[in-house]
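Structural overview
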Amino acid sequence: MRIEAKDLTYIYGAGLPWERKALDGVSFSVEEGEFVGLIGETGSGKSTLVQILNGILRPTAGEVLLDGINIFKEKALLSKVRFQIGLIFQFPEQQLFAETVFEDVAFGPRNMGLGPEEVSRRVEEALLKVGLNPLQFRNRSPFSLSGGEKRLVAIAGVLAMKPRVLILDEVTAGLDPKGKKEILARIQLLHQKEKATIIMVSHDMDEISALAQKIIILKGGRVVLSGTPEEVFSRGEVIEAQGLALPTIPKLFYSLKQCGWDLPATVLDLKEACRLIKKELTRASG
Ligand code: ADP
Ligand code: MG
């Protein structure tokens, strides 16, 4: 499924004294099977944007096209879009509510009007996809789980609706390093094995640079940079001028280049970075 955002603008409280423009002419596209990273500091408009993409918020101006069709054109279309574009909200564990993991994950598919057998099958499948053993987890209370497990249950709840696109809003925020790693590994598997189209929102450049094929950087509701990780992170001067931090390795390369080192504009891979630095050191001492 191809997503096209065209000139999206969103104003909270339009016409009121506290009116606030959260998005200002945002355009981009996401291809079928692509892994897109959406980066920006707090308040840059990321959550507003992803809620428009799944039809929860209606843009003040602009369009969202799914395979060429404007999702805001007809009401009937919008309810379908919410099942097709699965959105995992920021702090999704706040939305866990049922007594058992099973009931929680079953909520979405039941809402779609599926029968009990199909619901059961989907819950099981979804739990397996996020690496939670259904036998072990289905009867547990969501509140007894670790932070990372709660997030995985929330992701399973969306996967159980079999969306064609998965959007994750700051899905690792507030987790410990182990929980983060586990979630990121699962998301990577969903992309590689299930061929899921993924839009991952984050303010963590390292996390995004390791996974995304395309990066969009938002600032103050506008796209300031977009492209492949190599394209985006080779623009160190633009990123730093926007008050954003580069990922660790590109930041090191950018700093070394500013000190006069003869290095490529950017490198993302640690091994390659080590090789180039060694080479430059040998050259300098030779
Ligand atoms: P991000 O997810 O990047 O932190 P948001 O999309 O949440 O950004 O917010 C973008 C801007 O819109 C911010 O200035 C924020 O204060 C404002 N905003 C977000 N939600 C609301 C709301 N419900 N009412 C009013 N303003 C809001
Ligand atoms: Mg947000």
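Predicted model, so just to flag it, every value in this text is computed and none were measured.

At this site the magnesium ion (ligand 2) is bound by Ser-47 (OG) and Gln-90 (OE1), with donor distances of 2.1 to 2.4 Å. Separated by 43 residues along the polypeptide, Ser-47 in helix 1 (residues 46-53) and Gln-90 in the loop between strand 6 (85-88) and helix 3 (101-111) bring together distant segments of the chain. On the basis of relative accessibility, which here comes to 22%, the residue Ser-47 falls in the partly exposed class. Assessed through its relative accessible area of 34%, Gln-90 is described here as partly exposed.

Counted under the stated rule, the structure contains 18 salt bridges. Notably, a salt bridge pairs Glu-41 with Lys-219, separated by 3.3 Å at the nearest N-O pair. Residue Glu-41 is found in the loop between strand 3 (35-39) and helix 1, and its partner Lys-219 is found in strand 9 (residues 214-219); the two are separated by 178 residues along the sequence. Under the relative-accessibility criterion, Glu-41 is labelled partly exposed at 32%.

With that out of the way, let us pick up the packing of helix 6 (residues 147-159) against helix 7 (residues 177-192). One can describe the packing of helix 6 onto helix 7 by two numbers: an axis separation of 10 Å at closest approach and a directional angle of 25°. Compared by their axis directions, helix 6 and helix 7 come out roughly parallel. Here helix 6 contributes Gly-148, Arg-151, Leu-152, Ile-155 and Leu-159 to the contact with helix 7, which in turn contributes Glu-182, Ile-183, Arg-186 and Leu-190. In the contact of helix 6 with helix 7, the residues fall into five nonpolar, one polar and three charged.

Averaged over every residue, the pLDDT of the protein is 93; the share at 70 or more is 100%. When mean pLDDT is taken per element in the protein, strand 1 (residues 3-12) scores highest with 98 and helix 2 (residues 75-84) scores lowest with 86.

The next point concerns the site of ligand 1. Around ligand 1, a shell composed of Tyr-12, Trp-18, Arg-20, Ala-22, Glu-41, Thr-42, Gly-43, Ser-44, Gly-45, Lys-46, Ser-47 and Thr-48 is seen. Within the backbone of Gly-45, one N or O atom sits 3.1 Å away from an oxygen atom of ligand 1. Here an oxygen atom of ligand 1 and a side-chain polar atom of Thr-48 are 2.5 Å apart. Per element, the largest residue contribution to the shell around ligand 1 is three residues, and it comes from helix 1. Its residues placed into classes, the shell around ligand 1 shows three nonpolar, six polar and three charged.

This part covers the sheet that holds strand 3. Pairing in this open sheet of six strands is mixed, and the strands run 6-7-8-3-9-10 from one edge to the other. Two strands close off the open sheet at either side, each with one partner strand: strand 6 and strand 10 (222-227). Averaged over neighbouring strand pairs, the angle between their axes works out to 15° when direction is ignored. Sheet topology places strand 7 (residues 165-169) next to strand 8 (residues 197-202); five bridges connect them, and they run parallel. The partner of Leu-166 across the bridge, within strand 8, is Ile-198. Contacts from helix 2 reach strand 6 and strand 7 within the one sheet, and its direction differs from that of strand 6 by about 60°.

So, about the sheet that holds strand 1. The antiparallel open sheet is built from four strands, whose spatial order is 2-1-4-5. Since the sheet does not close on itself, it has two edges, and those belong to strand 2 (20-30) and strand 5 (69-70), each with one partner. Where strand 4 (residues 61-66) lies against strand 5, two bridges are found, and the strand directions are antiparallel. Bridge pairing in strand 5 places Leu-65 opposite Asn-70. Those strands touched by helix 1 are strand 1, strand 2 and strand 4, and its axis lies near 55° from that of strand 2.

Residues Val-105, Ile-198, Ile-217 and Ile-239 are the most contacted members of the largest nonpolar core, which totals 49 residues. For this core, the element with the most residues is helix 6, which contributes seven residues. Other than its neighbours up to four places away in sequence, Ile-239 contacts Met-205, Ile-217, Leu-225, Val-232, Phe-233, Leu-244, Ala-245 and Leu-246. The next biggest cluster of nonpolar side chains, apart from the first, holds 30 residues, and it includes Ala-5, Tyr-10, Leu-23 and Val-64.

So, how was this worked out
Residues numbered from 1 in each chain as written. Chains lettered and ligands numbered in written order. Predicted model: local features only at pLDDT ≥ 70, side-chain atom pairs only at ≥ 80, totals over all residues. Heavy atoms only, no water. Donors = N, O, S within 2.8 Å, 3.2 Å for Na, K, Ca; no water. Helix = DSSP H or I, 4+ residues; strand = E, 2+ residues; numbered from the N terminus. Buried < 20%, exposed > 50% of the residue type's maximum accessible area, 1.4 Å probe, protein only. Salt bridge = Lys/Arg side-chain N within 4 Å of Asp/Glu carboxyl O. Axes fitted to C-alpha atoms, helices over the stretch in contact; angles between N-to-C directions. Parallel < 35°, antiparallel > 145°, perpendicular 65-115°, else oblique. Contact = heavy atoms within 4.5 Å. Nonpolar A, V, L, I, M, F, W, Y, C, P; charged D, E, K, R; others polar. pLDDT = per-residue confidence, 0-100. Near = heavy atom within 4 Å. Polar contact = N/O pair within 3.5 Å; in protein donor to acceptor, adjacent residues only side chain to side chain. Pairing = 2+ DSSP bridges. Core = buried A, V, L, I, M, F, W, Y, C linked by side-chain atoms within 4.5 Å.

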